[in-house]
Amino acid sequence: MSKILIALGGNALGNTPQEQLQLVQGSAKPIVDLIEQGHDVIIAHGNGPQVGAINLAFENGAREHANVPSMPFAECGAMSQGYIGYHLQNAIREELLNRSINKLVTTIVSQVVVDRKDPAFQHPTKPIGSFYSKEEAEKLMAKTGDTYVEDSNRGYRRVIPSPAPIKVVEKDIIEDLANAGRIVIAAGGGGIPVAEDDNHGLVGVEAVIDKDSASKCLADELDVDFLFILTAVEKIAINFGKPNQQDLDQLSIEEAERLIEEEHFAPGSMLPKVEAAIQFVSGKDGRRSIITSLEKAKDAVLGKTGTIISK
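- Naming follows an unreviewed UniProt entry, where the protein appears as Carbamate kinase of Lentibacillus cibarius.
- As recorded by UniProt, the Pathway (unreviewed entry) comment attached to the protein reads in full: "Metabolic intermediate metabolism; carbamoyl phosphate degradation; CO(2) and NH(3) from carbamoyl phosphate: step 1/1."
- Here is the UniProt Sequence similarities (unreviewed entry) comment for the protein, exactly as written: "Belongs to the carbamate kinase family."

Structure below.
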């Protein structure tokens with residue numbers, strides 16, 4: 001059978017711990033469907049609402065109480081990996097036991113190396129934290145040196161860089177566990193962004209790595225057969241949401257690149273998913289990437305649905 005890396009979208013996790021605890025029960029079922037088919041599965045996931053809530057809690061706490069520390073964003077990412085993994089691995093474990101499948105599941109807090117010279121550090125784009133008035137944002141920028149921009153006419157928010165992932169630090173551990181038949185949850189939220197210093201130490205940096213890009217990076221390093229990018233829709237579409245919407249069953253690399261040039265895919269939504277899929281299948285013959293919904297993953301691996309991108 002195949003080795004599959006699943007990149008779970010945020011719709012599988014929810015916005016609060018309570019909502020997440022409910023949603024992961026449903027998310028576990030199609031994941032275990034793939035395991036029951038005999039596939040080896042590694043799971044990555046987003047963390048947008050979760051890391052935002054953690055960051056906001058510390059930000060508000062530090063503003064209101066002198067004894068509450070501000071929390072670096074890398075540490076917020078680490079916390080989100082822990083609590084998402086806690087919920088997800090327990091839901092998968094329960095579903096495995098319900099089907100009498102004897103497999104272990106674990107979460108690896110994962111660091112992803114980025115390059116401090118990445119141009120993204122000169123052009124931060126990812127909004128985080130609270131909304132402020134223009135006057136408040138200007139005072140904060142003068143005090144901290146951070147960048148604040150207007151966000152959808154709702155106020156000003158801090159923005160941080162989104163650099164490209166270079167490598168997953170814990171790759172060998174993840175690979176050893178996967179090769180031993182374990183189910184591994186890793187690279188959550190795109191991984192904790194870290195930079196290497198001159199002594200091979202790792203230092204957290206204020207950044208956020210795109211989840212799909214990090215999933216592609218890990219899929220490359222583990223040399224999986226399939227990269228499953230799971231989202232809210234069953235198939236990629238052109239003219240999405242319009243009367244002439246057309247769902248796509250298969251795309252070659254060249255066809256996918258042409259559709260990107262024609263701006264069929266929205267930035268921050270489907271575009272990074274398609275780009276990650278192209279990069280993955282370009283790396284080696286025989287690889288396939290499938291973009292589909294979580295509920296359709298079982299059928300998609302059999303070629304019954306989803307959008308397959310291949311050479």
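1. A short note on the overall build of the protein
Link 1 in the chain: A tally of helices and strands in the protein yields nine helices and 17 strands.
Link 2 in the chain: Taking 311 residues into account, the globule formula puts the C-alpha radius of gyration at 19 Å, and the protein, at 20 Å, falls close to it.
Link 3 in the chain: When the backbone C-alpha atoms are referred to their principal axes, the protein occupies close to 55 × 45 × 40 Å.
Link 4 in the chain: Across the protein, contacts joining residues at least 24 apart in sequence account for 73% of those joining residues at least 6 apart.
Link 5 in the chain: When the accessible surface of the protein is totalled, it reaches about 15100 Å², and 48% of it is carbon and sulfur.

2. Things to note about helix 1 (residues 17–36)
Link 1 in the chain: With 20 residues, helix 1 should cover 28 Å at 1.5 Å per step; its first-to-last C-alpha distance of 28 Å lies within 8% of that length.
Link 2 in the chain: Along helix 1, the largest kink reaches about 25 degrees and is centred on Leu 23.

3. What about the layout of surface pockets?
Link 1 in the chain: Approximately 500 Å³ is the volume found for the second largest pocket.
Link 2 in the chain: In terms of lining, the second largest pocket is formed by 20 residues, of which the most central are Glu 59, Ser 70, Tyr 132, Thr 144 and Tyr 148.
Link 3 in the chain: Contributions of two or more residues to the lining of the second largest pocket are made by helix 2 (48–64), strand 5 (126–132) and helix 4 (134–144).
Link 4 in the chain: Element by element, the count of residues in the lining of the second largest pocket is highest for helix 2, at five residues.
Link 5 in the chain: Its residues assigned to classes, the lining of the second largest pocket comprises nine nonpolar, five polar and six charged.

4. Some thoughts on the sheet that holds strand 7 (residues 156–160)
Backbone hydrogen bonds hold the strands of a sheet together, and the pairing may be parallel or antiparallel.
Link 1 in the chain: Read from one edge to the other, the open sheet built from three strands follows the order 5-7-6, with strand pairing classed as antiparallel. The open sheet has two edge strands with one neighbour each: strand 5 and strand 6 (147–150). Between one strand axis and the next, the sheet turns by 40 degrees as a mean value, whatever way the strands run.
Link 2 in the chain: The sheet contact formed by strand 6 and strand 7 spans four bridges and is antiparallel. Looking across to strand 7, one finds that Tyr 148 is bridged to Arg 158.

5. A few points about the pairing of strand 1 (residues 3–8)
Link 1 in the chain: Burial analysis of strand 1 places six of its six residues in the buried class, the great majority of the element.
Link 2 in the chain: Side chains Lys 3, Leu 5 and Ala 7 of strand 1 all project onto a buried face; the interleaved residues Ile 4, Ile 6 and Leu 8 project onto the opposite face, where all are buried too.
Link 3 in the chain: Note that strand 1 and strand 12 (residues 226–231) share four bridges and pair parallel. When the bridges of strand 12 are listed, Ile 4 appears paired with Phe 226.

6. Examining the packing of aromatic side chains
Link 1 in the chain: Following the criterion strictly, the structure yields two aromatic pairs and no others.
Link 2 in the chain: Ring plane angle 55 degrees and centroid distance 6.2 Å describe the contact between Phe 226 and Phe 228, whose orientation is recorded as tilted.
Link 3 in the chain: Look at Phe 228 and you get buried, because its relative accessible area is 0%.
Link 4 in the chain: The aromatic ring of Phe 131 is capped on one face by Arg 157, whose charged end is 4.8 Å from the ring centroid.

7. Thoughts on the side chain of Arg 158
Link 1 in the chain: Looking at where Arg 158 falls in the secondary structure, it is placed in strand 7.
Link 2 in the chain: Take Arg 158: its relative accessible area is 16%, and that puts it in the buried class.
Link 3 in the chain: Within the structure, Arg 158 has its side chain in polar contact with the side chain of Glu 206 (distance 2.7 Å).
Link 4 in the chain: Among all residues touching Arg 158, those that are not within four sequence positions of it are Lys 126, Pro 127, Ile 128, Asp 146, Thr 147, Tyr 148 and Glu 206.

The rules we used
Residues numbered from 1 in each chain as written. Predicted model: local features only at pLDDT ≥ 70, side-chain atom pairs only at ≥ 80, totals over all residues. Heavy atoms only, no water. UniProt positions renumbered as here; feature names shortened; annotations may be inferred. Helix = DSSP H or I, 4+ residues; strand = E, 2+ residues; numbered from the N terminus. Rg over C-alpha atoms; globule rule 2.2 N^0.38 Å. Contact = heavy atoms within 4.5 Å. Areas by Shrake-Rupley, 256 points an atom, 1.4 Å probe, with all protein chains shown as cover. Expected span 1.5 Å × (residues − 1). Bend = angle between axes of the 7 residues up to and from the residue. 1 Å grid on protein atoms, 1.4 Å probe; cavity = no way out; pocket = protein on both sides within 12 Å on 5 of 7 lines; lining within 4 Å. Points joined across faces, edges and corners; volume = space filled by probe spheres on them. Nonpolar A, V, L, I, M, F, W, Y, C, P; charged D, E, K, R; others polar. Pairing = 2+ DSSP bridges. Axes fitted to C-alpha atoms, helices over the stretch in contact; angles between N-to-C directions. Buried < 20%, exposed > 50% of the residue type's maximum accessible area, 1.4 Å probe, protein only. Phe/Tyr/Trp six-rings, centres within 6.5 Å; stacked < 30°, edge-to-face > 60°. Lys NZ or Arg CZ within 6 Å of the ring centre and 35° of its normal. Polar contact = N/O pair within 3.5 Å; in protein donor to acceptor, adjacent residues only side chain to side chain.

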